[in-house]
Amino acid sequence: MTHLRAAEIHDEIDGDTLHEECGVFGILGHPDAATLAALGLHALQHRGQEAAGIVTFDGKQFHTEKRMGLVGDHYTDPAVLAKLPGSISIGHTRYSTTGEVALRNVQPLFAELEVGGIAIAHNGNFTNGLTLRRQIIATGAICQSTSDTEVVLHLIARSRHSSTADRFIDAIRQMEGGYAMVAMTRTKLIAARDPIGIRPLVMGELDGKPIFCSETCALDIIGAKYIRDVENGEVIICEIQPDGSIQIDARKAANRQPERLCLFEYVYFARPDSVVGGRSVYVARKNMGINLAKESPVEADVVVPVPDGGTPAALGFAQASGIPFEYGIIRNHYVGRTFIEPTQQIRAFGVKLKHSANRAMIEGKRVVLVDDSIVRGTTSLKIVQMIRDAGATEVHIRVASPMIFYPDFYGIDTPNADKLLANQYADIKAMAKYIGADSLEFLSIDGLYRAVGGEDRNNARPQFTDHYFTGDYPTRLLDKNGETAGLKLSVLASNG
């Protein structure tokens, strides 16, 4: 019998979903900075489950704690938080898209520079990160990680500006791609967002102290007030003054472009209770289901969400179609890597480790399964079979987003294009046959745009980042198309 590592089996079970790279959090001037950062990261756990890190400064020195695993596994321990004194803190929760899974890649990354110490954490991906890495290594730089965030530290160190803030701005102006970034020095908390605004970043306030984080749900968990979104291309520098007051300096890019938020924040990544770009994620997802029911109606007895992502859309579908909504699939939230034994028999359980059919709501009925997206289709295949085994007479799949044809390079971990379901079959009927569904339909791109922004896609100037559906990439892809295309980073084997 073939034996697999637990991580490989996790990939087999979880490999049919998209993963966001990470979430960031930062706070300045609060005596409970580390605790608040830990709580904020806990609210952002959905953006990355592989590792988490927090850095603080106590007026004399920097402190850091980086751990593999979930935030709640480590940062609820008072002994861990006691190692993070200080009133300035930034934190990061990670899912790797650039760099292997190793403790040295866990952010925030820290460096001691000529102008003092600086720590950086970012969400997203730089599309010229490998290109710049190659250039700086050629001039003598030494890279200790495979994270593209380290390139930013090198660029800051090489900048000829006198202040840390100006050096930071000089560095990120050389970066391309999608990112939301927080950085801290001995007196400053800095936030920056990419010129197009692909990745989200919001500003909040607690007890008069500034906070930056990936989503509003991280503000809600600590009782902070939402102030505004960090604008695309904007850098906000918050600095503690000698009298204890905080000075805030917002700098905007001279050549600012129209914002193009990533549509997958609304489809899948953001928590439904968050507000992204001024729009409720929950309302947007429910609107997707409403539009899906109008575009692709079907005669059925029950609407069943594929949990958890498909639930708001399924509610919208049921509301618009008049078909009753039921929880026909129950999700087990407590499946982790350590639970899964590395045997072929357990591997064969597949999706049943995470989902169970609720036979009482399915048996003898025509079922509409509503999911937020389909990537490779392997999970959909198993769920359809599970629903049929529970006695469904028909299974119709309705997907609350368009077909995914293209890979992402801005912080979403996507399979190669040839592994995407949409590229493996000639038409939707062939896809439905593979999955085992009686019918399969996807939300149109205009239906998605209307659900999120209230109007059809402007093909001449798209309102959102949507390349995974359309192939319309909003930036240059230097690492993919340039000299570093196909370049593999050398990695030192790590037991950490």
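To keep things clear, this report deals only with the structure shown in the data block. (Residues numbered from 1 in each chain as written. Predicted model: local features only at pLDDT ≥ 70, side-chain atom pairs only at ≥ 80, totals over all residues. Heavy atoms only, no water.)

### What to know about the pattern of salt bridges
Then step 1. The full count for this structure, using the stated rule, is 24 salt bridges.
Then step 2. A salt bridge links Arg94 to Glu50; its shortest N-O distance comes to 3.9 Å. Of the two residues, Arg94 sits in strand β5 (residues 88-94) while Glu50 sits in the loop between α2 (33-43) and β3 (51-57), which places them 44 residues apart along the sequence.
Then step 3. The buried category is assigned to Arg94, whose relative accessible area is 2%.
Then step 4. Salt-bridge contacts for Arg366 lead to Glu299; the nearest nitrogen and oxygen are separated by 3.9 Å. Of the two residues, Arg366 is situated in strand β20 (residues 366-371) and Glu299 in the loop between α10 (281-295) and β17 (302-305); the sequence distance between them amounts to 67 residues. (Salt bridge = Lys/Arg side-chain N within 4 Å of Asp/Glu carboxyl O. Helix = DSSP H or I, 4+ residues; strand = E, 2+ residues; numbered from the N terminus. Buried < 20%, exposed > 50% of the residue type's maximum accessible area, 1.4 Å probe, protein only.)

### Regarding the nonpolar core
Then step 1. Core analysis: the largest hydrophobic core is formed by 42 residues, its most contacted members being Phe264, Tyr266 and Met288.
Then step 2. Breaking this core down by element, the ones donating at least two residues are α9 (264-269), α10, α11 (311-321), β20, α16 (445-453) and α17 (467-470).
Then step 3. Sort the elements by how many residues they give to this core and α10 lands first, with 5 residues.
Then step 4. In terms of nonpolar packing, the next biggest core, distinct from the first, is built from 27 residues, Ile136, Leu155, Ile156 and Ala165 among them. (Core = buried A, V, L, I, M, F, W, Y, C linked by side-chain atoms within 4.5 Å.)

### Side note on the pairing of strand β21 (residues 394-399)
Put simply, side chains in a regular strand alternate between the two faces of the sheet.
Then step 1. For β21, a buried count of 5 out of 6 residues is recorded, marking the element as mostly surrounded by other parts of the structure.
Then step 2. Two strands pair when backbone bridges link them, and β20 and β21 are joined in this way by 6 bridges, in the parallel orientation. By the bridge assignment, Arg366 is partnered in β21 with Glu394.
Then step 3. In this view, the connection linking β20 to its parallel neighbour β21 by way of helix α14 (residues 378-389) has right-handed handedness.
Then step 4. Across 4 bridges, the pairing between β21 and strand β23 (residues 439-442) is parallel. Bridge pairing in β23 places His396 opposite Ser439. (Pairing = 2+ DSSP bridges. Right-handed = clockwise from strand over helix to strand, strands pointing away.)

### Examining the sheet that holds β5
Then step 1. What the 7 strands build is an open sheet, ordered β4-β3-β5-β2-β11-β10-β12; its pairing is antiparallel. Each edge of the sheet is formed by a strand with only one pairing partner; in this case those strands are β4 (62-68) and β12 (225-229). Averaged over all pairs of adjacent strands, the angle between strand axes in this sheet comes to 15 degrees, irrespective of strand direction. (Axes fitted to C-alpha atoms, helices over the stretch in contact; angles between N-to-C directions.)

### Some points on the packing of aromatic side chains
Then step 1. In this structure the tally under the stated criterion is 14 aromatic pairs.
Then step 2. Taken together, a centroid distance of 4.7 Å and an interplanar angle of 70 degrees make the contact between Phe264 and Tyr468 edge-to-face. Of the two residues, Phe264 is situated in helix α9 and Tyr468 in helix α17; the sequence distance between them amounts to 204 residues.
Then step 3. The class of Tyr468 is buried, set by a relative accessible area of 1%. (Phe/Tyr/Trp six-rings, centres within 6.5 Å; stacked < 30°, edge-to-face > 60°.)

### Brief notes about α10
Then step 1. Taking 1.5 Å per residue as the helical rise, α10 with its 15 residues ought to reach 21 Å, and the 21 Å between its terminal C-alpha atoms agrees with that figure.
Then step 2. Among the residues making up α10, those that are buried are Val281, Ala284, Arg285, Met288, Gly289, Ile290, Asn291, Leu292 and Ala293. (Expected span 1.5 Å × (residues − 1).)

### Things to note about the packing of α10 against α11
Then step 1. Between α10 and α11, the shortest axis-to-axis distance is 6 Å and the interhelical angle comes to 45 degrees. With respect to α11, the axis of α10 lies oblique. Where α10 crosses over α11, the handedness of that crossing is right-handed. Across the interface between the two elements, Tyr282, Arg285, Lys286, Gly289, Ile290, Leu292 and Ala293 from α10 touch Pro312, Ala313, Leu315, Gly316, Phe317, Gln319, Ala320 and Ser321 from α11. (Parallel < 35°, antiparallel > 145°, perpendicular 65-115°, else oblique. Left-handed = near helix turned anticlockwise from the far one by under 90°. Contact = heavy atoms within 4.5 Å.)

### Considerations on the sheet that holds strand β7 (residues 116-126)
Then step 1. Read across the sheet, 6 strands follow the order β6-β7-β8-β9-β13-β14 without closing on themselves; strand pairing throughout is antiparallel. Edge positions in the sheet fall to β6 (109-113) and β14 (246-251), since each of these pairs with one other strand and no more. Between one strand and the next, the sheet's axes are offset by a mean angle of 15 degrees, whatever the strand orientation.
Then step 2. As judged from the 5 bridges shared by strand β9 (residues 188-193) and strand β13 (residues 235-240), these two strands associate in the antiparallel manner. The residue of β13 that forms the bridge with Ala192 is Val235.
Then step 3. Of the strands in this sheet, β6, β7 and β8 (177-184) touch helix α6 (residues 149-158), which is tilted by about 135 degrees from β7.

So far we have only geometry, and geometry alone does not tell us how the molecule works.
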